[in-house]
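What the coordinates show
The primary structure of each chain is shown beneath.
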Amino acid sequence: MLEIKVKYFSDVEPIQFIEGKKSDWYDLRSAEEVEMKAGDFRLIKLGVGMILPEGYEAHVAPRSGTFKNFGIIQANSVAVIDGSYCGDNDQWLYPAIALRDTVIHKNDRICQFRIIENQPPVNFVKVEHLKDKDRGGFGSTGKN
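Everything in this summary refers to the structure shown in the same document. This structure is a prediction, so every number in the text was calculated from the model and none was measured. (Residues numbered from 1 in each chain as written. Predicted model: local features only at pLDDT ≥ 70, side-chain atom pairs only at ≥ 80, totals over all residues. Heavy atoms only, no water.)

Overview of the packing of aromatic side chains
The description of an aromatic ring pair uses the distance of the two centres, along with the angle that the planes make with each other. For the structure on display, the rule yields two aromatic pairs. Ring centres 5.8 Å apart and planes at 35° place the aromatic pair Tyr26 and Phe113 in the tilted group. Within this pair, whereas Tyr26 is found in strand β2 (residues 26-29), its partner Phe113 is found in strand β11 (residues 109-117), the two being separated by 87 residues in sequence. Its relative accessible area of 27% is what places Tyr26 among the partly exposed residues. Chaining the aromatic ring pairs together yields one cluster made of Tyr26, Trp92 and Phe113. Between the NZ or CZ atom of Arg100 and the centre of the ring of Phe67, over which it lies, the distance is 5.7 Å. (Phe/Tyr/Trp six-rings, centres within 6.5 Å; stacked < 30°, edge-to-face > 60°. Helix = DSSP H or I, 4+ residues; strand = E, 2+ residues; numbered from the N terminus. Buried < 20%, exposed > 50% of the residue type's maximum accessible area, 1.4 Å probe, protein only. Lys NZ or Arg CZ within 6 Å of the ring centre and 35° of its normal.)

Section: unusual backbone geometry
One non-glycine residue, Ser77, lies in positive phi territory at about 65°. Looking at where Ser77 falls in the secondary structure, it is placed in the loop between β7 (72-74) and β8 (79-81). Phi is positive for Asn107, which is not a glycine, with a value near 80°. Within the secondary structure, Asn107 sits in the loop between β10 (102-104) and β11.

Written as structure tokens, this is what we have:
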């Protein structure tokens, strides 16, 4: 089992594994009370920083109910936090855009993360042809 050192920047609820949970993503919470108007952008403090193990990174994404509950979307769709972001002041942040007026309370669960092994080095080889048979192009499988 990986061991990760976590610094809490506030009294936000600690990260925890929930037994029986159907996902291996961990929830993160707002570390502050945030009021946003439609169209506002805000970096919301998540109240944590971590030293990730060598060769790992974290991927942060919205929870499934984040938009429904708060009317915010993540500005960069998914955030990648690499292992070098581990200083004493490197608090994780959630880049949010409000699509409606909203209030996010301290300790509201607004996003989730998972720890991923870094991609191995890849050698890209230029070729003239990929395969003889095409699949049909982007979106070719239809709606149903």
